[in-house]
Amino acid sequence: MHELSIALSIVDLAAEEAERRGVKVNAVHLRLGPLAGVVKDALLFSYDLACEGTPLDKSRLIIEEVPVMVHCSRCETDREPISLQDLRCSVCGDPTYEIVQGREMEIAALEVE
Amino acid sequence: MMSGPRLVEVRQKFLKQNDLLARALREWFRRAGVYVVSLVSSPGSGKTAFLERTLHDFARRHSVAALVGDLATENDAQRLRRSGARVRQITTGTVCHLDAAMIERALEDWRLEELDFLFIENVGNLVCPASYDLGEELRFVLMSVTEGEDKPLKYPTIFNTADVTVLTKIDLATAVEFDLEAAKETIRAVRPGMLIFEVSAKTGAGMIECWRYLEERRNEARAGSALSA
């Protein structure tokens, strides 16, 4: 369970950004991949705790889940794999060796006023 | 003057600090010519036994050191120091993983130029270490035959951040009716093409192949950096 420390980094980054821009943050929008090793529900739970006593108190966390994409050399394009447990191309069934998306852990945007 | 709520794009990785520090560490390791390998696994998979045997062997041919992460106790470091290698324990308290800042602090007063290999044993945990780059060149995920063949299906993320799987305690495979082919199949379903070693730190089976691989990788890395220098 490392989501609390991740929530604290998110709050730090967002507070820094808000101060630099001189705005108040209402919501933080994240992009999160399933291979980031971060559990969405645990992060949402930790976020409220992490915000307490900071300028982000009462702000919301909005998480966009980014699907895993792999590069399929047979299809010569990026595809979704069959599943996280089976990284074969969901179209042709060939094994894939390169994950092109799915490790995202980023703040995409801030909703401010 | 704008008013009311609006959306501003930020696009910042939220473990940016760790990523930046890990990148700086990786550059430092490369400049110093030390090859860095980290080990991750669940508790009790045999990371320390694997490392112990490796350090004993490597210490005869290479200058080798290790950092060992645990929530508490110096036990692992004491055990590993018997190999003659330099070993430092990182006790994380309640933190379930190592991060780049802990590695940097632990190496503060070390002369990395004197080392050929540095091993980093992460805290026993198959979840949290996946998110943190430590600046290593290679990440080994260890899985013992007593854990069951389907472990990779339950923890695909850690297998995806690792470069190599080491199946440990292979001497117990028959006793626990471990299905080696099924295990390899699940590992390669989660990570197609993944290199797999089968070892027993107790009997020494398979260890030489693993060591040879590490030495080859280090030689390649050195040849590569000599070319680019």
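Below is a short write-up of the structure. All figures in this text were calculated on a predicted structure; none of them were measured in a lab.

## Here's the deal with unusual backbone geometry
All names here are of chain B. Backbone geometry at T73 places phi at a positive 75°, although glycine is not the residue there. As for its position among the elements, T73 is in the loop between strand 3 (64-70) and helix 3 (75-81). Here the phi dihedral of E177 falls at roughly 55°; this positive angle occurs in a residue that is not glycine.

## A closer look at the interface of chain A and chain B
Chain A puts 38 residues into the contact, and the matching count from chain B is 26 residues. Taken over both partners, the interface formed by chain A and chain B buries close to 2,800 Å², and the fraction arising from carbon and sulfur atoms is 60%. Counting the surface chain A buries against chain B, the share from its top three residues, H2, Q85 and M105 of chain A, is 20%. Counting across the interface, chain A meets chain B through 1 salt bridge. The salt bridge involving R11 of chain B is made with E106 of chain A; its shortest N-O contact spans 2.8 Å. Connecting chain A to chain B are 15 residue pairs in polar contact (both at pLDDT 80 or more).

## Brief notes about the packing of aromatic side chains
Aromatic ring pairs: the centre-centre distance and the angle between the two ring planes describe each pair. All names here are of chain B. Summed over all chains, the structure comprises 8 aromatic pairs over all chains. Ring centres of W28 and F29 lie 6.1 Å apart, and the angle between their planes is 20°; on these two criteria the pair is classed as stacked. Summarising the aromatic geometry, the rings of F197 and Y213 are spaced 5.4 Å apart at their centres and angled 55° between planes, so their arrangement reads as tilted. With F197 in strand 8 (residues 195-198) and Y213 in helix 8 (residues 207-228), this residue pair connects regions lying 16 residues apart in the sequence. By relative accessible area, Y213 is classed as buried at 15%.

About the criteria used
Residues numbered from 1 in each chain as written. Chains lettered and ligands numbered in written order. Predicted model: local features only at pLDDT ≥ 70, side-chain atom pairs only at ≥ 80, totals over all residues. Heavy atoms only, no water. Helix = DSSP H or I, 4+ residues; strand = E, 2+ residues; numbered from the N terminus. Contact = heavy atoms within 4.5 Å. Buried area = accessible area lost by both parts, 1.4 Å probe. Salt bridge = Lys/Arg side-chain N within 4 Å of Asp/Glu carboxyl O. Polar contact = N/O pair within 3.5 Å; in protein donor to acceptor, adjacent residues only side chain to side chain. Phe/Tyr/Trp six-rings, centres within 6.5 Å; stacked < 30°, edge-to-face > 60°. Buried < 20%, exposed > 50% of the residue type's maximum accessible area, 1.4 Å probe, protein only.

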